[in-house]
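This is what each chain is made of:
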Amino acid sequence: GENVEQHPSTLSVQEGDSAVIKCTYSDSASNYFPWYKQELGKRPQLIIDIRSNVGEKKDQRIAVTLNKTAKHFSLHITETQPEDSAVYFCAASMGANAGKSTFGDGTTLTVKP
Amino acid sequence: GAGVSQTPSNKVTEKGKYVELRCDPISGHTALYWYRQSLGQGPEFLIYFQGTGAADDSGLPNDRFFAVRPEGSVSTLKIQRTERGDSAVYLCASSRGVQETQYFGPGTRLLVL
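Now for a description of the structure that goes with this document. Only a predicted model underlies this, so the values are computations on that prediction, with no experimental measurement involved.

Criteria and cut-off values
- Residues numbered from 1 in each chain as written.
- Chains lettered and ligands numbered in written order.
- Predicted model: local features only at pLDDT ≥ 70, side-chain atom pairs only at ≥ 80, totals over all residues.
- Heavy atoms only, no water.
- Contact = heavy atoms within 4.5 Å.
- Buried area = accessible area lost by both parts, 1.4 Å probe.
- Salt bridge = Lys/Arg side-chain N within 4 Å of Asp/Glu carboxyl O.
- Polar contact = N/O pair within 3.5 Å; in protein donor to acceptor, adjacent residues only side chain to side chain.
- Helix = DSSP H or I, 4+ residues; strand = E, 2+ residues; numbered from the N terminus.
- Nonpolar A, V, L, I, M, F, W, Y, C, P; charged D, E, K, R; others polar.
- Buried < 20%, exposed > 50% of the residue type's maximum accessible area, 1.4 Å probe, protein only.
- Pairing = 2+ DSSP bridges.
- Axes fitted to C-alpha atoms, helices over the stretch in contact; angles between N-to-C directions.
- Core = buried A, V, L, I, M, F, W, Y, C linked by side-chain atoms within 4.5 Å.
- Phe/Tyr/Trp six-rings, centres within 6.5 Å; stacked < 30°, edge-to-face > 60°.
- Disulfide = S-S within 2.5 Å.

**What to know about the interface of chain A and chain B**
Accessible area lost during the coming together of the parts is what is often quoted as the interface size.
At step 1: Counting residues at the interface gives 20 residues for chain A and 21 residues for chain B.
At step 2: Carbon and sulfur atoms make up 49% of the surface buried where chain A meets chain B, a total of about 1,700 Å² over both sides.
At step 3: Summed over the shared surface of chain A and chain B, the result is zero salt bridges.
At step 4: For the interface between chain A and chain B, the tally reads three residue pairs in polar contact (both at pLDDT 80 or more).
At step 5: Elements with a contribution of two residues or more to the side of chain A that touches chain B: strand 4 (30-38), strand 5 (45-51), strand 9 (86-94) and strand 10 (97-103) of chain A.
At step 6: Looking at the side of chain A that touches chain B, the element that brings in the most residues is strand 10 of chain A, giving six residues.
At step 7: Residue classes in the side of chain A that touches chain B are distributed as eight nonpolar, eight polar and four charged.

Pasting the structure below:
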């Protein structure tokens, strides 16, 4: 089955700096890659997603890039703010079994004011 | 409108007992997902439904776990003969269709003593 690895497990940045989180996946058939933000004690919330027919997607301060050849995708957060502090999860699913998502183990991002 | 709701929010039970966890998805969402999340890990896929049928139940750990969605809306996750290792947060999510935005519920925190 699909295996998703996420790095780093923890990331600390200064307010205003950029943060990058990377994920690799094992199954080349995967074609949908969402990113979720989970604050302490709360539910995961989708922040951005990308499908395999595009290489990059941007939404204000958040962007995701996808390299299908290398089977990795990354989350980029620019101009970080303290409220960006949370656990971020990447996930992957494939068209043949689109409802089954495999998640990474998460990255705890801390933005220091 | 109302988001995904789950009941109970917390459940404490004794080893060997039977538990039922309920999920009310967003109205009109055809896809419904169950995940299990342990501390410090990403959500682990259990099962997903398209309408009333289980499209993929390959994530259910063993035959003590079962889920139903008889009318294509509310779903119940059932765990028989609970074990201490079943302790986790059980998350439900729904989406309009597969590979569309998944909206998570607040989760049920299950503790098996």
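Next, the rest of the story.
**Considering the side chain of Thr13 of chain B**
All names here are of chain B.
At step 1: Mapped onto the fold, Thr13 is located in strand 2 (residues 10-13).
At step 2: Judged by its relative accessible area of 8%, Thr13 is buried.
At step 3: Aside from chain neighbours lying at most four places away, what touches Thr13 is Val19, Thr82, Leu110, Leu111, Val112 and Leu113.

**As for the sheet that holds strand 6 (residues 56-59) of chain A**
All names here are of chain A.
At step 1: The antiparallel open sheet is built from five strands, whose spatial order is 1-3-8-7-6. In this open sheet, the two strands that pair with only one neighbour each are strand 1 (4-7) and strand 6. Each strand of the sheet is rotated relative to its neighbour by a mean of 15°, with strand direction disregarded.
At step 2: Taken together, the six bridges between strand 7 (residues 62-67) and strand 8 (residues 72-77) define a ladder with antiparallel strand orientation. Its bridge partner lying in strand 8, Ala63 is registered against His76.

**Some words on the nonpolar core**
At step 1: If you look at the biggest cluster of nonpolar residues, it comprises 23 residues, and the most contacted ones within it are Trp35, Phe73, Leu75 and Leu109 of chain A.
At step 2: Looking at this core, the elements that each hand over two or more residues are strand 2 (10-14), strand 3 (19-25), strand 4, strand 5, strand 7, strand 8, strand 9 and strand 11 (107-112) of chain A.
At step 3: Ignoring anything within four residues of it in the chain, the contact list for Leu75 of chain A reads Ala19, Val20, Ile21, Trp35, Ile47, Ile48, Ile62, Ala63 and Tyr88 of chain A.
At step 4: By size, the runner-up hydrophobic cluster in this structure holds 20 residues, among which are Cys23, Ala67, Leu77 and Leu110 of chain B.

**With respect to the packing of aromatic side chains**
Residue and element names in this part refer to chain B.
At step 1: All told, the structure shown has twelve aromatic pairs over all chains when counted by the stated rule.
At step 2: Measuring from centroid to centroid gives 5.5 Å for Tyr35 and Phe104, while their planes differ by 35°, and the two rings are tilted. One end of the pair, Tyr35, is in strand 4 (residues 31-37); the other, Phe104, is in strand 10 (residues 103-104), and 69 residues separate them in sequence. Pair check on accessibility: Tyr35 and Phe104 agree, each one buried.

**What about unusual backbone geometry?**
At step 1: A cis amide bond links His7 of chain A with the next residue in sequence, Pro8 of chain A, at an omega value of -5°.
At step 2: Take Pro8 of chain A: it is sitting in the loop between strand 1 and strand 2.
At step 3: For the peptide bond that leads from Thr7 of chain B to Pro8 of chain B, omega is -10°, which places it in the cis range.
At step 4: By the secondary structure assignment, Pro8 of chain B is in the loop between strand 1 (5-7) and strand 2.
At step 5: Its identity is not glycine, yet Gln60 of chain A carries a phi of approximately 55°, on the positive side.
At step 6: Along the chain, Gln60 of chain A turns up in the loop between strand 6 and strand 7.
At step 7: Residue Gln60 of chain A is classed as exposed on the basis of its relative accessible area, which comes to 71%.
At step 8: Residues other than glycine seldom take positive phi values, yet Arg81 of chain B does so here, at roughly 45°.
At step 9: Mapped onto the elements, Arg81 of chain B comes out in the loop between strand 8 (75-79) and strand 9 (88-95).
At step 10: Take Arg81 of chain B: its relative accessible area is 46%, and that puts it in the partly exposed class.

**With respect to the state of the cysteines**
Residue and element names in this part refer to chain B.
At step 1: Applying the stated criterion across every chain, the model contains two disulfides over all chains.
At step 2: Bridging Cys23 to Cys92, the disulfide has an S-S length of 1.8 Å. Handedness of the Cys23-Cys92 disulfide follows from its S-S torsion of about -65°: it is left-handed. Placement of Cys23 in strand 3 (residues 19-24) and of Cys92 in strand 9 is noted, with a sequence separation of 69 residues between them.
At step 3: Looking at Cys92, the relative accessible area reads 0%, which means it is buried.

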